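# Working through the structure, step by step
Single-letter residue listing:
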Amino acid sequence: QVQLVESGGGLVQAGGSSRLSCAASGRTFSRYAMGWFRQAPGKEREFVAGISRNGRITNYGDSVKGRFTISRDNAKNAVSLQMNSLKPEDTAVYYCAADLGATSLYLVVTTIREYDTWGQGTQVTVSS
């Protein structure tokens, strides 16, 4: 069973930066496609960023393209989300997720239903 634990986040001023990290348990981290999602109050959970098993392919939600960067370190069982030029509308709970069934090294998963395992979430609040 894989467990994901997010860290980082907190209160950030608009225009600032923050970095989220997600640590995964287990020894097969490189087999998982990973992603970040977020959910603001009263809104549905939305895709933020995804990364393939080998880290070579990434994909981003339209609202964060050019501002956020996802990366992973398979040796450390970790995935990160660097967030720059933060806006108040980025305020949300951010979730790390793993797709345990990703068969391709190059596949980026963007749909919620494909993800099997979720972290507990970490709050990011961007003040104007």
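Scroll up to find the structure this text is about.
Residue numbers restart at each chain and count upward from 1, following the sequence in its written direction. In keeping with the model being predicted, local features are shown solely for residues with a pLDDT of at least 70 and side-chain atom pairs are shown and tallied solely at 80 or more, while totals for entire chains, interfaces and linings include all residues. To obtain the side-chain values, all non-hydrogen atoms of the structure were used and water was disregarded.

## Overview of the packing of aromatic side chains
Pairs of aromatic rings are described using the distance from one ring centre to the other and the angle between the two planes. Centres within 6.5 Å are what make two rings of Phe, Tyr or Trp a pair, Trp counting through its six-membered ring; a difference in plane orientation under 30 degrees is then read as stacked, over 60 as edge-to-face, and the rest as tilted. Within this structure, the stated rule accounts for 6 aromatic pairs. The interplanar angle of 75° and the centroid separation of 5.6 Å between the aromatic rings of Phe-37 and Phe-47 together place this pair among those described as edge-to-face. Highlighted residues: Phe-37 in strand S4 (residues 33–39) and Phe-47 in strand S5 (residues 46–51), separated in sequence by 10 residues. Buried means the residue's accessible area, taken with a 1.4 Å probe over protein chains only, is under 20% of the maximum for its type, while exposed means over 50%, and partly exposed covers the values in between. For Phe-37, a relative accessible area of 0% corresponds to the buried category. Of the residues examined, Phe-47 reaches a relative accessible area of 15% and is grouped as buried. Under the DSSP-based scheme used, a helix requires at least four consecutive residues in state H or I and a strand at least two consecutive residues in state E, with every element numbered from the N terminus.

## Quick word on the sheet that holds strand S8 (residues 78–83)
Overall, antiparallel pairing links the 4 strands, which are arranged S1-S3-S8-S7 in an open sheet. One side of each edge strand has no neighbouring strand; the edge strands of this open sheet are strand S1 (4–8) and strand S7 (68–73). Direction aside, neighbouring strands of the sheet carry axes that sit 15° apart on average. Each pair of strands is called paired provided DSSP finds at least two bridges between the two strands. Axis definition: a line fit to C-alpha positions, over the contact stretch in the case of helices; interaxial angles, taken between N-to-C directions, run 0 to 180 degrees.

## Considering the nonpolar core
By nonpolar core is meant a set of buried Ala, Val, Leu, Ile, Met, Phe, Trp, Tyr and Cys residues that side-chain atoms within 4.5 Å join together. Counting residues in each nonpolar core, the largest one holds 28 residues, and the members touching the most others are Met-34, Trp-36, Val-79, Leu-81 and Tyr-94. At the level of elements, strand S3 (18–24), S4, S5, S7, S8, strand S9 (92–99) and strand S11 (122–127) are the ones that each hand at least two residues to this core. Broken down by element, this core gets its largest block of residues, 4 residues, from S9. For this analysis, residues touch if any pair of their heavy atoms sits within 4.5 Å. Once residues lying within four places of it in the same chain are set aside, the contact partners of Val-79 are Leu-20, Ser-21, Cys-22, Phe-29, Met-34, Trp-36, Ile-51, Ile-70, Ser-71, Arg-72 and Cys-96. If you look at the next biggest cluster of nonpolar residues, it comprises 7 residues, including Ala-33, Ala-102, Val-109 and Tyr-115.

## Remarks on the side chain of Thr-117
Examined against the element boundaries, Thr-117 turns out to sit in strand S10 (residues 117–118). Those residues within four positions of Thr-117 in sequence are excluded, and the remaining contacts are Val-2, Leu-4, Cys-96, Ala-97, Ala-98 and Leu-100.

## Looking at the state of the cysteines
When the sulfur atoms of two cysteines come within 2.5 Å, that pair is taken as a disulfide. For the structure on display, the rule yields 1 disulfide. Here Cys-22 engages in a disulfide with Cys-96; their sulfurs sit 2.1 Å apart. Across the S-S bond of Cys-22 and Cys-96 the torsion is about -80°, and the bridge reads as left-handed. Of the two residues, Cys-22 is situated in strand S3 and Cys-96 in strand S9; the sequence distance between them amounts to 74 residues.

## Focus on a nonpolar patch on the surface
Here a patch means residues that are over 30% exposed by relative accessible area and free of salt bridges, tied together within 9 Å if like-charged and within 5 Å if nonpolar (Val, Leu, Ile, Met, Phe, Trp, Tyr). Here, Shrake-Rupley sampling with a 1.4 Å probe gives the accessible areas, and only protein chains in the shown set may cover a residue. Salt bridge criterion: a side-chain nitrogen from Lys or Arg within 4 Å of a carboxyl oxygen from Asp or Glu. Together, Ile-57, Leu-105 and Tyr-106 make up an exposed nonpolar region whose accessible area comes to about 260 Å². Turning to its location among the elements, Leu-105 is positioned in the loop between S9 and S10. Residue classification places Leu-105 among the partly exposed residues on the basis of a relative accessible area of 40%.

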